[in-house]
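The primary structure of each chain is shown beneath.
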Amino acid sequence: MTHPFDAAVALDATAPDTFAARTSPAYWNMVGPFGGITAATVLRAVESHPARLGEPLSLTVNYAAAVAEGPFTVQARPVRTNRSTQHWTVDILQPGPGGAPAVTTTATAVTAARRTTWSASDMPVPEAPPPETVAQRDVFRGVAWIQRYAMRPLAGALPQAWDGAESGDSLTRLWLRDEPPRPLDFAALTALCDVFYPRVWLRRALMVPAGTVSLTVYFHAGSDALAAVGSGWLLAQARAQEFRNGFFDQNAQLWNEAGRLLATSHQVVYYKE
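Here, residues in each chain are numbered from 1, in the same order as that chain's written sequence. Since the coordinates come from a predicted model, pLDDT governs what is reported: local features require at least 70, and pairs of side-chain atoms require 80 or more to be given and counted, while whole-chain, interface and lining totals use all residues. Remark: hydrogens and water are excluded; side-chain values derive from all non-hydrogen atoms of the structure.

Draft legend 1. Quick look at the environment of Glu132. The helix and strand labels rest on DSSP assignments: H or I over at least four residues marks a helix, E over at least two residues marks a strand, and numbering proceeds from the N terminus. With respect to the helices and strands, Glu132 occurs in the loop between strand 6 (101-112) and strand 7 (149-155). Between the alpha carbons of Glu132 and Trp175 there is a distance of 9.6 Å; along the sequence they are 43 residues apart. Apart from residues lying up to four places away in sequence, Glu132 is in contact with Arg152 and Glu257. Note on definitions: a residue-residue contact is assigned when non-hydrogen atoms from the two residues lie within 4.5 Å.

Draft legend 2. Region of interest: the pattern of salt bridges. A carboxyl oxygen of Asp or Glu within 4 Å of a side-chain nitrogen of Lys or Arg is what we treat as a salt bridge. Scanning all chains against the criterion turns up eight salt bridges. Residues Arg44 and Asp185 are paired through a salt bridge, measuring 3.4 Å at the closest nitrogen-oxygen approach. With Arg44 in helix 2 (residues 35-48) and Asp185 in the loop between strand 8 (172-178) and helix 3 (186-192), this pair connects stretches of sequence that are 141 residues apart. Summary of the burial criterion: residues with accessible area below 20% of their type's maximum are buried, those above 50% are exposed, and those between are partly exposed, where the area comes from a 1.4 Å probe applied to protein chains only. Overall, Asp185 belongs to the partly exposed group, its relative accessible area being 21%. For Asp169, the salt bridge is made with Arg239, and the minimal N-O distance between the two is 3.0 Å. With Asp169 in the loop between strand 7 and strand 8 and Arg239 in strand 10 (residues 234-244), this pair connects stretches of sequence that are 70 residues apart. On the accessibility criterion, Asp169 (36% relative accessible area) is partly exposed. Within this structure, Asp6, Arg44, Glu47, Arg182 and Asp185 form a network of salt bridges that share partners.

Draft legend 3. Representation of unusual backbone geometry within the structure. Following Glu179, the chain continues into Pro180 via a peptide bond in cis, with omega recorded as 0°. By the secondary structure assignment, Pro180 is in the loop between strand 8 and helix 3. Here the phi dihedral of Ala205 falls at roughly 55°; this positive angle occurs in a residue that is not glycine. Considering the arrangement of structural elements, one finds Ala205 in the loop between helix 4 (199-204) and strand 9 (210-219). Backbone geometry at Asn245 places phi at a positive 55°, although glycine is not the residue there. Classification of Asn245 by relative accessible area gives exposed; the value is 70%.

Draft legend 4. Main features of the pairing of strand 12 (residues 261-271). Where burial is concerned, most of strand 12 is hidden: eight out of the eleven residues are buried. In terms of strand pairing, strand 9 meets strand 12 through nine bridges, oriented antiparallel. Bridge pairing in strand 12 places Phe219 opposite Ala263. The sheet contact formed by strand 11 (residues 247-256) and strand 12 spans nine bridges and is antiparallel. What sits directly across from Trp255, in strand 12, is Leu261. Between any two strands, at least two bridges found by DSSP are needed for them to pair. The loop that links strand 11 with its antiparallel partner strand 12 comprises four residues; one of these, Gly259, has a positive phi angle of about 95°.

The following block contains the structure:
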C-alpha cells in the first residue's frame, strides 16, 4: 500500500524537464496544500531528473500563490553543473485566468557530490527525554495535513487559551515523525522542516492569519545517514527572531535520536493583524 506521503509527491515525467503532479487531500492546509508537501514535491522533481548530480544540499521555495486543488506541472531544470555541485531552477505552474499557465511557486536548489572531510557541529542537540516517554498531545485539528505527523511536544505547544497574552519566547521543541511511520528520505525531511505552526501564534496567543512566503532548507546529512534513521523519531525545534510590520523570520533544526544534526531551515512568514 502506498504511503500517503509518496502518493502526495508522485510525479510523472511528461517532457524533458517537465513533470505532472496532483494535489493530495491528505496534505491539505487551509487554502491550499501544506507548504512542506509543496517543497517536498519540488525536491522530488530535482531528485527524479535524469541529469541530477549528487544529493540535495539546499532548497529554497518561494510561495508566490496558493496551489489550487487538482493537477499542476513542475518544471525542473539544471542551469549549471560544476565538478561537485549542480544548480537548479524549479517552477510549479497551473492554468491561470484565461487558461494560460501561471506560476504559483518558484524554487532554486543545489545538489552536490559530497566527499568525506573534517566535520564538526556548532549546534549541539538540546537535552530531551526519550520520545517513548513523551505523551502524544492533541494538536490543531483544523487541517488535514496535521494528521500525517506524530508530534510529541516538549516546549512551546499551542496556547491553551487564545487570549492575546503575549509570551516571552517563540521556541517550540518536539519529537516528530511521519504518521504512519515511513523511512526517512530527503523529500520527507524537507516537509518535516515546515511542520511548525506560525511562531506569531505562540508569541501572541492569537490565531492570526499567517503563511510562509519563502522557505530554505539546508541538508547536513547524506542518504546513508537518513537511511540509518529509518522510521525513527526526529528532535525538532523552531524559534522566530524578529516580528516586524507583517513579517517574521523563523529558524529550525532537526536532529536524529543519536543527536546528529540532519537539516536546518529558515523561512520568512507573512502575518496579519
